Amino acid sequence: MDKIDVNRIMQAIPHRYPFLLIDRMVDIVLGEEATGIKNVSVNEPFFQGHFPERPVMPGVLLIEAMAQTAATLVVLTLGEAFEGKLVYFMTIDGAKFRRPVEPGDQVRIHVKKERHRANVWKFRGEAKVDGQTVAEASFSAMIMG
């Protein structure tokens, strides 16, 4: 699977604006890895308070974007029966934030499966802007089926 748009992402996961944090996905290898793309706009609602004088995308939302990319990959892998199912964080490990993400940035979120047992999936995620790492983490989540 080469790429999917935001409409297909919304079929796969229940997130919606303003909390849907990926606009498309590319380089999808079912059951293994994918890259989510987030185009960061000054109109994002979190910029009103984070921070009015210097808008910076909250790091926790970068981790959430990783999780949404991974959740979409899981649903695409498992098939239609899992579309719209809830996916809950279980762990977040080794989160590191390297530099701020600002309006105008395009964040490319690469996730790679580390492990999968039953309905629990573990991923390694890395977010980059212009090829430079801005955030990374390992995380696991459970899909409720």
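Residues numbered from 1 in each chain as written. Predicted model: local features only at pLDDT ≥ 70, side-chain atom pairs only at ≥ 80, totals over all residues. Heavy atoms only, no water.

Enquirer: Please explain helix α2 (residues 59-78) as it appears in this structure.
Expert: Spacing of three or four residues puts side chains on the same side of an α-helix, whose turn is 3.6 residues. With 20 residues, α2 ought to run about 28 Å at 1.5 Å a step, and its terminal C-alpha atoms sit 29 Å apart, in line with that. For α2, a buried count of 16 out of 20 residues is recorded, marking the element as mostly surrounded by other parts of the structure. Directly after α2, the chain includes G79, whose backbone phi takes a positive value near 105 degrees. (Helix = DSSP H or I, 4+ residues; strand = E, 2+ residues; numbered from the N terminus. Expected span 1.5 Å × (residues − 1). Buried < 20%, exposed > 50% of the residue type's maximum accessible area, 1.4 Å probe, protein only.)

Enquirer: What is the right way to read the side chain of K38 from this model?
Expert: Within the element layout of this structure, K38 appears in strand β3 (residues 33-39). There is a polar contact of 2.9 Å between the side chain of K38 and the side chain of E44. If we skip the residues at most four places from it in the chain, K38 touches L20, L21, D23, E44, D105, Q106, V107 and I109. (Polar contact = N/O pair within 3.5 Å; in protein donor to acceptor, adjacent residues only side chain to side chain. Contact = heavy atoms within 4.5 Å.)

Enquirer: For this particular structure, what's the right way to read the pattern of salt bridges?
Expert: Side chains that differ in charge, positive against negative, can pair when their charged atoms come close. Per the stated rule, a full pass over the model turns up eight salt bridges. A salt bridge links R8 to E83; its shortest N-O distance comes to 2.9 Å. Of this pair, R8 sits in helix α1 (residues 6-12) while E83 sits in the loop between α2 and β4 (87-97), and the two are 75 residues apart along the sequence. In this structure R8 comes out as partly exposed when scored by relative accessible area, which is 24%. Among the residues examined, E83 registers a relative accessible area of 27% and is labelled partly exposed. (Salt bridge = Lys/Arg side-chain N within 4 Å of Asp/Glu carboxyl O.)

Enquirer: Sorry, what's going on with a nonpolar patch on the surface here?
Expert: On the surface, L86, Y88 and M144 cluster together to form a nonpolar patch covering roughly 280 Å² of accessible area. With respect to the element layout, M144 can be found in the segment after β7 (132-143). (Patch = residues over 30% accessible without salt bridge, like charges linked within 9 Å, V, L, I, M, F, W, Y side chains within 5 Å. Areas by Shrake-Rupley, 256 points an atom, 1.4 Å probe, with all protein chains shown as cover.)

Enquirer: Where do I start with the sheet that holds β7 in this structure?
Expert: Two orientations exist for strands paired in a sheet by backbone hydrogen bonds: parallel and antiparallel. A sheet is described by the order of its strands in space; here seven strands give the open sequence β1-β2-β3-β5-β6-β7-β4, paired in antiparallel fashion. Pairing within the sheet leaves two strands with one partner each, and these edge strands are β1 (3-5) and β4. Direction aside, the axes of adjacent strands within the sheet are offset by 20 degrees on average. Where β1 and strand β2 (residues 24-29) come together, three bridges link them in antiparallel fashion. Looking at β2, one finds that D5 is bridged to R24. Sitting on the sheet, α2 touches β1, β2, β3, β4, β5 (106-117), β6 (120-129) and β7, and the angle it makes with β7 is about 50 degrees. (Pairing = 2+ DSSP bridges. Axes fitted to C-alpha atoms, helices over the stretch in contact; angles between N-to-C directions.)

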